[in-house]
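Chain by chain, the residues run as shown.
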Amino acid sequence: MSSTKDTASVSVHGKSYGLPRRPTVVVCVDGFDPEYLQAGVEDGILPTMATFVKSGFHETADCAMPSLTNPNNMCIITGVPTSFHGISGNFYLDKETGKEHMILDDSTMRGTTILARLADAGVRVAAITAKDKLRRIIQHGLSPEKGSICFSAQCANECTDVEHGIHGVEEWLGQSAPSQYSGELSLFVLDAGLKLLQENRADFFYLTLSDYIQHKYAPRSRQANEFMHAIDTRLGEFVKLGAVVAVTGDHGMSDKADENGKPNVLFLGDFLDSNWPESRAKVICPITDPFVKHHGALGGFVRVHLTNTSVVSDMIAACRELPQVETALTGEEAASVYEMPLDREGDIVVIAKKNFAIGSKREEHDLSNLEGHRLRTHGGLSEQQIPLLRSTAIESTSSSETKRWRNFDIFDLALNY
């Protein structure tokens, strides 16, 4: 540890986090549905994580809603729900301007992060992401001047000392930056983290992966087994190097296709337009990001913005009757129930059942890239569950035994027990 300050802990959003006393690695396995862990442990594919389950710490936890990448990575690194940091989707409609925006940096977030506070306290932080759009968010408050290293596997060939705290990553690691649509993108993240630890260049690591494989391949498929085993092997290397390792996911994953492999999709925009054309309903799919090839911007959670809000009650009642819908709520109700920022909510929130996805209008979704693969995606309540693991056991208390564990408890689990 190279802390330059005497403080023993940092505080973020009213919670305290101890400074790492030994190398500490937090890994977010994107799309880490509990079925991957269960199947892998049962089949002997995941010996490292099986050890975590048996002699370390293991709970099935819940992620924040919606069960999407950007919101949950932000929840993980802030330790709180989206109502605190304000990022409640990958994509949103600005209610003041009426314009749609993709979240590609930290400009819309509120407050700070645990990573930034650790760096302020002299902890050498390494934050590595699979995708660069997430790196631009997570890098909030991190800088080379603070001893931080932050880069993405996607843009590893563009790293500079000034912006990322590292340069020449491909040559240093001996690997070329992988395709953004590959499992290798995630393994590059872990390999880079391992090399930084081997070279003693960081004290605390946040390594967040891609869910490309999980979107395409179900548990126990050959591709999923190979990918999860490769992750597990690298987790074992971190343990061998003396690190405390904590693992969770940003969201789960569900199959949303019928028996013939055709996507089970409710195109909600078409339904609302056919029944309430005067409302000019705008359906926002917050799963939308620059990487829609593997899910067609289809998820289990949508927001509806209306010009004519007098029809909200009728719309909600009609949506609740649809066979694909788990629940429909007003924006205010949804913000309260799921701890989301009210000022960034739609007039209506609609959440799909486990085996269904919700889109806007049929013409707005390109599903051609799904041919040959079943639609597997996330966003709804059915994708909330994810594993929460630690390489070493914690002292059991009455509060830990009755606690509703969340993925954004992972820094608490890694640093405070």
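The name an unreviewed UniProt entry assigns to the protein is Phosphonoacetate hydrolase, from the organism Purpureocillium lilacinum.

(A) Fine view of the pairing of strand β8 (residues 149-152). Burial of the side chains of β8 extends over both faces: Ile149 and Phe151 are buried on one face and Cys150 and Ser152 on the other. Of the pairings in the sheet, the one linking strand β7 (residues 125-129) to β8 comprises four bridges and is parallel in character. By the bridge assignment, Ala126 is partnered in β8 with Ile149. With helix α6 (residues 132-138) bridging β7 and its parallel neighbour β8, the resulting β-α-β unit is right-handed.

(B) The arrangement of the pattern of salt bridges in detail. Applying the stated criterion to the full structure yields 22 salt bridges. The salt bridge partner of Glu383 is Lys256, with a shortest N-O separation of 3.3 Å. Here Glu383 is found in the loop between β18 (376-377) and β19 (385-390), whereas its partner Lys256 is found in the loop between β11 (254-255) and β12 (265-267), with 127 residues between them in sequence. Each member of the pair, Glu383 together with Lys256, is buried. For Lys403, the salt bridge identified is with Asp409, shortest N-O distance 3.7 Å. For Lys403, a relative accessible area of 31% gives the class partly exposed. Overlapping salt bridges bring together Asp132, Arg135, Arg136 and Glu163 as one network.

(C) Region of interest: the state of the cysteines. The final tally for this structure, using the stated rule, is zero disulfides. Cys63 forms no disulfide, and the closest cysteine sulfur to it belongs to Cys75, at a distance of 8.5 Å. Given the relative accessible area of 0%, Cys63 is considered buried. With no disulfide of its own, Cys285 has Cys319 as its nearest cysteine by sulfur position, at a separation of 13 Å.

(D) Seen up close, the packing of aromatic side chains. The final tally for this structure, using the stated rule, is six aromatic pairs. Relative to Phe411, the ring of Phe204 has its centre 5.2 Å away and its plane inclined at 50°; by these criteria the two rings are tilted. You can see Phe204 sitting in strand β9 (residues 204-208) and its partner Phe411 sitting in helix α16 (residues 410-416), a full 207 residues away along the chain. Phe411 matches Phe204 in its accessibility class, with the two residues each being buried. Seen in terms of ring centroids, Trp405 and Tyr417 are 6.2 Å apart; in terms of plane orientation they differ by 50°. Their pairing is tilted. With Trp405 in the loop between α15 (398-402) and α16 and Tyr417 in the segment after α16, the pair connects residues that are twelve residues apart, well separated along the chain. Judged by relative accessible area, which is 3%, Trp405 ranks as buried. By relative accessible area, which is 30% here, Tyr417 ends up partly exposed. Cluster of aromatic residues (ring-pair linked, three or more members): Phe57, Trp405 and Tyr417.

(E) Up close: helix α13 (residues 312-321). Taken together, the buried positions of α13 are Val312, Met315, Ile316 and Cys319. Summarising the axial view, the buried residues of α13 lie within an arc of 100°, below the 170-degree limit, and thus occupy one face. For α13, exposure combined with an orientation more than 90 degrees from the buried face picks out Ser313 and Glu321. Looking at the buried positions of α13, the neighbouring elements they touch are α12 (268-275), β15 (325-330) and β16 (348-352).

(F) Looking closely at the domain arrangement of the protein. Looking at the protein, the domain boundaries give domain 1 (21-253 + 380-416) and domain 2 (265-373). For domain 1 versus domain 2, the distance between C-alpha centres works out to 28 Å. Domain 1 puts 36 residues into the contact, and the matching count from domain 2 is 30 residues. In total, domain 1 and domain 2 occlude about 3000 Å² of area from one another, counting both sides; carbon and sulfur atoms represent 60% of this. Summed over the three residues of domain 1 that lose the most area to domain 2, namely Phe91, Lys95 and Tyr181, the buried surface amounts to 17% of that side.

(G) Representation of the sheet that holds strand β13 (residues 282-284) in the model. The sheet built from four strands is open, its strands ordered β13-β14-β16-β15 with antiparallel pairing. Only two strands of the sheet have a single neighbouring strand rather than two, namely β13 and β15. Strand after strand, the sheet turns through a mean of 20° between neighbouring axes, direction not considered. Note: strand β14 (residues 301-305) against β16, four bridges, orientation antiparallel.

Rules behind the numbers
Residues numbered from 1 in each chain as written. Predicted model: local features only at pLDDT ≥ 70, side-chain atom pairs only at ≥ 80, totals over all residues. Heavy atoms only, no water. Buried < 20%, exposed > 50% of the residue type's maximum accessible area, 1.4 Å probe, protein only. Helix = DSSP H or I, 4+ residues; strand = E, 2+ residues; numbered from the N terminus. Pairing = 2+ DSSP bridges. Right-handed = clockwise from strand over helix to strand, strands pointing away. Salt bridge = Lys/Arg side-chain N within 4 Å of Asp/Glu carboxyl O. Disulfide = S-S within 2.5 Å. Phe/Tyr/Trp six-rings, centres within 6.5 Å; stacked < 30°, edge-to-face > 60°. Arc of directions from axis to C-beta. Contact = heavy atoms within 4.5 Å. Domains from an automatic or database assignment. Buried area = accessible area lost by both parts, 1.4 Å probe. Axes fitted to C-alpha atoms, helices over the stretch in contact; angles between N-to-C directions.

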